[in-house]
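Take a look at the letters that make up each chain.
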Amino acid sequence: MQERVTFEQTLKKYNRDIDRWRRSIQEQTDITTQKIYDVLLFVNGGWMTDDVQDEGDDNRRQQMFLLRQLCLPGMMFLLHEVLHSCRRYQECVQLADLVASEKYQLYKVFRQDELQKFLQLVRDSSVKMLDGSVDSFGYDLV
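These notes cover the structure that comes with them.

What counts as what
- Residues numbered from 1 in each chain as written.
- Predicted model: local features only at pLDDT ≥ 70, side-chain atom pairs only at ≥ 80, totals over all residues.
- Heavy atoms only, no water.
- Phe/Tyr/Trp six-rings, centres within 6.5 Å; stacked < 30°, edge-to-face > 60°.
- Helix = DSSP H or I, 4+ residues; strand = E, 2+ residues; numbered from the N terminus.
- Buried < 20%, exposed > 50% of the residue type's maximum accessible area, 1.4 Å probe, protein only.
- Expected span 1.5 Å × (residues − 1).
- Axes fitted to C-alpha atoms, helices over the stretch in contact; angles between N-to-C directions.
- Parallel < 35°, antiparallel > 145°, perpendicular 65-115°, else oblique.
- Left-handed = near helix turned anticlockwise from the far one by under 90°.
- Contact = heavy atoms within 4.5 Å.
- Nonpolar A, V, L, I, M, F, W, Y, C, P; charged D, E, K, R; others polar.
- Core = buried A, V, L, I, M, F, W, Y, C linked by side-chain atoms within 4.5 Å.

1. Let's talk about the packing of aromatic side chains
Working step 1: Across all of its chains, the model carries 3 aromatic pairs by this definition.
Working step 2: Plain terms: the ring middles of Phe 77 and Phe 110 are 6.3 Å apart, the flat faces sit at 80 degrees to each other, and that makes the pair edge-to-face. Of this pair, Phe 77 sits in helix 2 (residues 58–85) while Phe 110 sits in the loop between helix 3 (89–100) and helix 4 (112–131), and the two are 33 residues apart along the sequence. Phe 110 shares its class with Phe 77; the two are buried.

Encoded structure:
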């Protein structure tokens, strides 16, 4: 009897610790996701874009584009990894809309191989959603 009571108390403590850990992971995921979105969706055209289009400074514009091309796909992969590891598959799939958006034009900073890899990751998230009895857009399957 004593062993059973001890086991139940240990199990309750374990479940409380797991719940606390899950809340902490969720909170950290929300913070990380918001910070990455802040970089990806930076105001006035995006991160590392000029507000003023000066015709004489093509070198600066090219360097800024190359920096965007170097950093932003990696940020998108990181965001997908964070969301996917927390099983937020619907948000992973919505990243494809963000990349394809004409407003942000993030597709322009992806190389062909990066875009293929990103779309493969989105496909994997869609498959996970289908495995969870929701369609690839997040609606319950009938």
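Continuing now.
2. A look at helix 2
Structural remark: α-helix, 3.6 residues per turn; residues separated by three or four positions point the same way.
Working step 1: In this model helix 2 runs 40 Å from its N-terminal to its C-terminal C-alpha over 28 residues, within 8% of the 40 Å that 1.5 Å per residue would give.
Working step 2: Regarding helix 2, the residues found buried are Met 64, Arg 68, Leu 72, Pro 73, Met 76, Phe 77, Leu 79, His 80, Val 82 and Leu 83.
Working step 3: Positioned one or two residues after helix 2, Arg 87 has a phi angle of 60 degrees, which is positive.

3. As for the packing of helix 2 against helix 4
Working step 1: Helix 4 packs onto helix 2 with a crossing angle of 15 degrees between their chain directions and a minimal axis gap of 11 Å. When the axis of helix 2 is compared with that of helix 4, the two are roughly parallel. Here helix 2 and helix 4 pass one another in a crossing that is left-handed. Contacts between helix 2 and helix 4 involve Pro 73, Met 76, Phe 77, His 80 and His 84 from the former and Glu 114, Lys 117, Phe 118, Leu 121, Val 122, Asp 124, Ser 125 and Lys 128 from the latter.
Working step 2: The residue inventory of the contact of helix 2 with helix 4, partitioned by class, reads 6 nonpolar, 3 polar and 4 charged.

4. Notes on the nonpolar core
Buried together is how nonpolar side chains tend to be arranged in soluble globular proteins.
Working step 1: Of all hydrophobic cores here, the largest spans 17 residues; its most connected members are Leu 40, Met 76, Leu 79, Leu 95, Leu 98, Phe 110 and Phe 118.
Working step 2: Contributions of two or more residues to this core are made by helix 1 (2–40), helix 2, helix 3 and helix 4.
Working step 3: Those residues in contact with Leu 95, other than ones at most four positions away along the chain, are Tyr 37, Met 76, Leu 79, His 80, Leu 83 and Phe 118.

Any link to function would need more than the numbers given here.
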